[in-house]
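What follows is the residue order along each chain.
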Amino acid sequence: MTELLVKNACVIDPLRGINAETMDIAILDGKIVEEVSDAAEVIDARGMLTLPGGVDSHTHICGTKVNFGRYMSPEDMRAGRTPRQGPLHATSGYSVPTTYGNSYRYSVMGYTTLLEGAMAPLEARHTHEEFVYTPLQDTMANTLFDGNWGIMEAIRDGDTKRVAAIIAWTLRAVKGFGVKLTNPGGTEAWQWGKNVSCIRDPVPYFEVTPAEIIRSIVEANELLGLPHSVHLHCNNLGTPGNYSCTLGSLGLIPDLNEKRQTLYATHVQFHAYGGSDWKDFCSKSEPIARFVDMRPQIVMDMGQVMFGRTTTMTADGPMEFNLYRLHHEKWSNHDVELETGSGIIPVIYRRKNLVNSIMWAIGLELALLTKSPWQCLLTTDNPNGAPFVKYPEIIGLLMSKKYRDAEFATIHPDTEARVPLPAIERELDWYEIAVMTRAGQAKALGIQDLGKGHLGPGADADVAIYPIRMDEVDPSAEYQKVIDAFSRTEYTIKRGRVVARRGECLVDGSNATFWVSPKVSEAYDMGKDPDFIEKFDRYYTVRMRNYPVQEEYLNRNRCIETEARI
Amino acid sequence: MKVTLALKPAARSFIPIEAESIVPKNFLDGTDLPVWRGNRELRLDEVFSVSVEGDADRTEDVEVVLSGETFRLKRVGEYMDGGRVTILGDIGMHCGNFMSGGTIEVRGNADGWLGREMAGGTIVCRGDAADYCAAGYRGGRKGMTGGTVEVFGRAGDFLAENIAGGTVIVHGDAGDMPGAEMRGGTLVVHGDCRRPGANMKGGSCYVYGTAQGMLPTFRKIGTVQHEGHTLIRFAGDIANRGKGNLFVKAYEYLD
Ligand SMILES: [Zn+2]
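Residues numbered from 1 in each chain as written. Chains lettered and ligands numbered in written order. Predicted model: local features only at pLDDT ≥ 70, side-chain atom pairs only at ≥ 80, totals over all residues. Heavy atoms only, no water.

**Let's talk about the coordination of the zinc ion**
Residues and elements named next belong to chain A. Each protein donor to the zinc ion is listed here as His58 (NE2), His60 (NE2) and Asp381 (OD); together their distances run 2.0 to 2.1 Å. Spacing between the donor residues of the zinc ion along their common chain follows H-x1-H-x320-D. His60 carries the same exposure label as His58, and that label is buried. (Donors = N, O, S within 2.8 Å, 3.2 Å for Na, K, Ca; no water. Buried < 20%, exposed > 50% of the residue type's maximum accessible area, 1.4 Å probe, protein only.)

**Description of the side chain of Asn221 of chain A**
Residues and elements named next belong to chain A. Inspection of the secondary structure puts Asn221 in helix H7 (residues 210–223). Polar contacts involving the side chain of Asn221 include one to the main-chain carbonyl oxygen of His228, which spans 3.0 Å. Contacts of Asn221, omitting those with residues within four sequence positions, involve Val179, Leu226, His228, Ser229, Val230 and Arg260. (Helix = DSSP H or I, 4+ residues; strand = E, 2+ residues; numbered from the N terminus. Polar contact = N/O pair within 3.5 Å; in protein donor to acceptor, adjacent residues only side chain to side chain. Contact = heavy atoms within 4.5 Å.)

**Overview of the pattern of salt bridges**
All names here are of chain A. The full count for this structure, using the stated rule, is 52 salt bridges over all chains. Here Glu522 makes a salt bridge to Lys528, at a shortest N to O gap of 3.4 Å. With respect to class, Glu522 is no different from Lys528; both count as exposed. Linking Asp531 and Lys535 is a salt bridge whose minimum nitrogen-to-oxygen distance equals 3.6 Å. Remark: Lys535 and Asp531 occur in helix H16 (residues 530–539); sequence separation between them is 4 residues, near one turn of the helix. (Salt bridge = Lys/Arg side-chain N within 4 Å of Asp/Glu carboxyl O.)

**Focus on the packing of helix H11 (residues 354–369) of chain A against helix H13 (residues 401–408) of chain A**
Residue and element names in this part refer to chain A. Put simply, H11 and H13 touch, their axes get as near as 12 Å, and they point 165 degrees apart. One way to sum up the angle between H11 and H13 is to call them roughly antiparallel. Where H11 crosses over H13, the handedness of that crossing is left-handed. Residues Trp360, Leu364 and Leu368 of H11 touch H13, and the partners they reach there are Arg404, Glu407 and Phe408. (Axes fitted to C-alpha atoms, helices over the stretch in contact; angles between N-to-C directions. Parallel < 35°, antiparallel > 145°, perpendicular 65-115°, else oblique. Left-handed = near helix turned anticlockwise from the far one by under 90°.)

**Remarks on the interface of chain A and chain B**
Counting residues at the interface gives 7 residues for chain A and 9 residues for chain B. Between chain A and chain B the total buried area reaches about 670 Å² when both faces are included, carbon and sulfur atoms providing 39% of it. Among the residues of chain A in contact with chain B, Glu75, Arg78 and Glu329 of chain A are the three that bury the most area, contributing 57% of the side total. Our enumeration of links across chain A and chain B arrives at 3 salt bridges. Here Arg78 of chain A ties to Glu117 of chain B by a salt bridge, and the two come within 2.6 Å at their closest N and O atoms. One can count 3 residue pairs in polar contact (both at pLDDT 80 or more) joining chain A with chain B. (Buried area = accessible area lost by both parts, 1.4 Å probe.)

**Points about the state of the cysteines**
All names here are of chain A. Tallying each qualifying case throughout the model produces 1 disulfide over all chains. Between the sulfur atoms of Cys198 and its disulfide mate Cys245 the distance is 2.3 Å. Here Cys198 and Cys245 share a disulfide; its torsion about the S-S bond, 105 degrees, makes the bridge right-handed. Here Cys245 lies in helix H8 (residues 243–250) and Cys198 lies in the loop between helix H6 (186–190) and H7, a separation of 47 residues in the sequence. Cys245 carries the same exposure label as Cys198, and that label is buried. Here Cys505 stays unpaired: no disulfide links it, and the sulfur of Cys62, its closest cysteine neighbor, is 15 Å away. Given the relative accessible area of 9%, Cys505 is considered buried. (Disulfide = S-S within 2.5 Å.)

The structure is reproduced here in C-alpha cells:
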C-alpha cells in the first residue's frame, strides 16, 4: 500500500468544474482517493498550479513512420543528447528523438498520456514495441482505415455493419484504440499515382468517394460504441484554398453521440487555407472556427506550426510527394499493402517565409477564434508542425497578446494583410489552457471514465504540479514565466509515483496501453467470415493467424470492451 | 609555446582514445585535460608523456606536436580555431572536425573523416587520407564550408562529399564518388577517380587524371585550359538541375 498526499495544491480540474481551488489530493496505490492515512508521504505544493496529468490526443512518437524519420535523418540525432544516468537511458534527437527522449521530455512537461496519431495495422507490432519503451506515459494508438480494401468494398456495397465488423476485428487484432482516417481514399489513389482533390472524387477501382468513406466509418464507429470518435485528417492537406474542402468534410457529420464529439478533426491549421495558389495564400481560420462553434459534434486540434527545424510524417503519401516537389530535400514514401501508406520529409519553417508565417498565425487563430476550448485542443501534430517541446511557447502565445505582437513583429511583413491574428485581442486563461491540454483531450478521446484527464476519486493518480502561482503572475505580461513553468514541472506524478521533478526524470517507469475490443455478434465476427478470410489469404503478405499482435507485446494491458450494436 | 605529446606505448589499446581536448587553445590554461577511452575518462598524462617548452598568451603561438602510435587517436583538433598541430605519424578518425582556423599537419596517413565539416584553416596530410576526407556527416546538408585541405597521397571514397565552400586538393588518386552532392567550393584531384560530382548542385571539380565510371548525367560543353592542363568541361549534375562545373582530363563511361 503506497500513500501520497499532495497538500495546498491550487487545482484546476475542468472535468469536475474546479477552477483554482486550493485543496489536498490524496493518492492510494496509484489512484486518487478521498483520503489517506497519516502515514502517507506528503508533498507540499505551496499553492502551485496543479493540473491533471497532460494528455496529448494527437502526436507521432512510436511506430514505423516515426522510426523511418529517425533513420532518414541521422543529423537529427546530433541534438538532444543526454547521457545515461541512474535509471535513465541515454537519449538523442530533436524532432524525432529516441523513445526515451520523447518520454522524458513529455514527462518533464507534465504529460502522462499520449495517443499515437497513426498506426498502420499491418505494422502495429512496431508501434507497441516502442510504446513499451515510452515508459512514463500511458499510450494508445489511432489505427489507420483510410485505404482499407475490405472496408471500401463494404462501403461500395452499402453495408455499414460490415464496415463496423472489419474495424472491430482489426482493432482487436492490432490492439488499436481509435479509428483514424488520413486523407480518406487519397492514399489508396496514390497507389495508382493519383490523389483525390476533395470529398467527391472517387477512389480508383473501388469507386467510392471520401465523403462516403467518412460518413460510413463515422456511423460504423458509433455502431461499435468506441470510446473515441472517428479521428479525421481531411483530404487536401496543405493546399491553398483547402478550407472549403475542410468545411465540406465537417459538414458531413451528424451529431450521433451525447457524451463526446462525433468527429475529431486533427491538425486543422493545415486545412484552413485560402487563396488559389501560393501567391495569394491566406488564412481561412475564421470560417472554420465559426463553423465549429455551431457544431458541438466537432472537436479539432490546432496542428500549430512553430518556426525551426522539424520532420513531417503522415500516412498522406501524395501530400508528402507534393512537399518533396517544393523542397527537393530527402523524401521517403511507403506503401502498406491493403491498408494505407506514408511519406516523410524533414522541413524547416522559417519566419522570413510568408507561407510559413501565415501557417504559424492560422494555428493560433483557430485556438483564439473558437469559442469553446473544449473544441480546439492544443497540438502541433508533433512533430509535423513542431516538436512537442514547443507546447509551452504556444501556451505563452495563447495567453499573451503582448507576446503574440512581439513575435508578429519578427515574421514576414506581408503576413499582416493575409491573416486576422493581429486584430484578435483574446487571451486564454489558465482554465482554458487546462482544458486544451488535458481535460478536453481526455473527453475527446473518451477516456475520462477510465480515470484520465481529471483528479476525481477513482481517477489514475496522474498529476502535474507547475512551479507557478496564478495569483502572483500575470500571464499577459509575464509570459516568459508561463513558458518556463510549463516547460518543467515541479513534480510530475504518474500512477501515484513522482516520476519527474524540476526538469529531471527520476524513475524508469512502466506504462499501460489502452486498446479496444468491441464485442460483436457471431454473424459479424470477421475471423469466421469466409470472404474476409479468403481475401486476406489472397492479398496480404502475411497469414491471417500471424497478423494479430499478441498481448505479450503490451506492457500493462488495459483492454476496453465495448458492446457493439452489430 | 610548444607542447609535445608522446603517446606512451603502454597506453596503446584496441579501443580508440577520444581526444577532442587536444586543441591548441586548451593548452593556454595548462595540460590538465581529459581524454576518453571507451567509457573511461583518463588524464592526458596517463596517455601521453607531456612536455611544454616556452609559454604563450595567444592561441596562434601554440604548437602541439603529437608523436607515437597515434593511429587510434580520434578527434584531435576538433573545433580548433587557431595555432598549430603537427602529427609526426598517422592520425585517427575525425581529425580537425569543425575546424575554423589554424593549421594541422599530418606527416603520415589520416584515417576517415579528416577535416569533416571544416569551416576554415588549413589541413595538410603528407600521406594518404581515408574515406570521407573533407566531407559532411551522415544526413547533414552541408559539409565543408571553408578552409583548405591538401592531401599529398591518395584519398578514399566520398572525398569532399557535400562540400559547400573551401578548397580540397588531392595529389594522388581519389576513390569512388569524390564531390558527391557538392554544392560549392573547389575540389581538385590530380590523379584518377571514379564517378566524380554525383548530384552536384554547384562548385567546381577538377580531375587531372581519368574519371572512371563517368556519370551520364553531365552535359559536355567543350575543352578549357586550366593550370597547364587541357580539360574537358561538363555541366551538371543535370539529374537534379545542378549548376556545377566538372572538368576532367579524360573519362570513361560504364559499359
Ligand atoms: Zn498527425
